[in-house]
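Survey of secondary and tertiary structure
The primary structure of each chain is shown beneath.
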Amino acid sequence: MDIKTVMVIGAGQMGSGIAQVHAMAGFQVILHDLNDDFVERGLTQINTNLTRQVEKEKITATDKEEIVKRIERSVHLNDASKADFIIEAAVENMKIKQELFAKLDELAPGHTILATNTSSLPITEIATATKRPEKVIGMHFMNPVPVMKLVEVIRGLATADEVYEVVDTLSKTLGKTPVEVNDFPGFVSNRILMPMINEAIFTVYEGVATPEAVDEVMKLGMNHPMGPLTLADFIGLDTCLYIMETLHEGFGDDKYRPCPLLRKYVKAGWLGKKTGRGFYQYR
């Protein structure tokens, strides 16, 4: 399959990063969100990232201009009619994703593959909203997308082999390393990472140690580049809660029960770095 135009749904931190790496790889990119402000915010982040690349002499100023030119703004979902490949990077909510995929199924050409960047939700269930479940697949990028090499490629129950091969090849074209995993809650990355973060939160909740102490133990004792609570703040505590709830519901095992302190912080609007406060405060 010859992919020329890629549409990214959602211009947030993940979506803008996904758009950037595709534009850098030479694809025409349609960056879509609900309104102009959201799209502009995503483009600003891309410009900031590319400016850093120019300053580090990894790309030239001319390269940057060409990359930005390849990105088209979109606030109309019917722009899906121009896409050969669509990647959804919207909120971690099954109802929202299914409604979106049902619309994309109607709007996109028959050959178009529909991928989701979901970090934990079942690909098979998302695919049921479409009439092309064989062309629905998970393509889970890591944050920050331009830096991290891994892409989890998740087959749904009906995903065709040739669709998997297209995504595997595309990931390599982007300079990423694709790893095939099966469709279970949390896949591999978040099934292992999120319970660790949740346990770190329980450690604070139960008064065992401060957030600073927990992070120091994991950095100095376990050689982690970043402590689990700092990482949670960067991921977003709301996202951490979504994923823990998905794991808890999907497996029915109380070892995945979200810590009450995590719920409290999310209800308070302390979502981490993006809101200025989580387990730490940010200017």
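Residues numbered from 1 in each chain as written. Predicted model: local features only at pLDDT ≥ 70, side-chain atom pairs only at ≥ 80, totals over all residues. Heavy atoms only, no water.

Stated precisely, the cut-off is as follows: UniProt positions are given in the numbering used here, feature names are shortened, and annotations may be inferred rather than shown by experiment.
As recorded in an unreviewed UniProt entry, the chain goes by Putative 3-hydroxybutyryl-CoA dehydrogenase and comes from Halalkalibacter krulwichiae. One UniProt comment on the chain, placed under Sequence similarities (unreviewed entry), says "Belongs to the 3-hydroxyacyl-CoA dehydrogenase family." Taken directly from UniProt, the Pathway (unreviewed entry) text for the chain runs: "Lipid metabolism; butanoate metabolism."

**Quick word on the environment of V179**
What counts here: Put simply, DSSP marks the helices as runs of H or I at least four residues long and the strands as runs of E at least two long, and each gets a number from the N terminus on. By definition in these notes, contact holds between two residues if any of their heavy atoms fall within 4.5 Å.
Residue position: V179 is located in strand β8 (residues 177–181). Each C-alpha atom of the pair V179 and E212 lies 33 Å from the other, and the pair is 33 residues apart in sequence. Beyond its immediate stretch of four places on either side in the chain, V179 contacts L150, V151, E152 and V153.

**Focus: helix α11 (residues 260–268)**
Heads up, the condition is: Only protein chains enter the calculation, and the probe is 1.4 Å; a residue is then buried if its accessible area is under 20% of its type maximum, exposed if over 50%, and partly exposed in between. Throughout, the arc means the angular range of directions from the helix axis out to the C-beta atoms.
For α11, the full list of buried residues reads L261, L262 and Y265. End-on, the buried residues of α11 take up no more than an arc of 105°, which puts them together on one face. Opposite the buried face of α11, by more than 90 degrees, sit the exposed residues K264 and K267.

**Let's talk about the packing of helix α8 (residues 211–222) against helix α9 (residues 228–235)**
Angle between the axes and distance between the axes: these two values describe a pair of packed helices. What counts here: For helices, the axis comes from a line fit to the C-alpha atoms of the stretch in contact; other axes are also lines fit to C-alpha atoms, and the angle between any two N-to-C directions lies between 0 and 180 degrees. In this scheme, roughly parallel covers angles under 35 degrees and roughly antiparallel covers those over 145, while 65 to 115 is roughly perpendicular and the rest are oblique. Throughout this entry, Asp, Glu, Lys and Arg are counted as charged residues, while Ala, Val, Leu, Ile, Met, Phe, Trp, Tyr, Cys and Pro are counted as nonpolar. The remaining residues, Gly among them, count as polar.
Contact pair α8 / α9: the axes reach a minimum separation of 7 Å and the direction vectors enclose 105°. By the angle between their axes, α8 is roughly perpendicular relative to α9. Within the contact between the two elements, α8 uses P211, V214, D215 and M218 and α9 uses P228, L229 and T230. A breakdown of the residues in the contact of α8 with α9 according to their chemical character gives five nonpolar, one polar and one charged.

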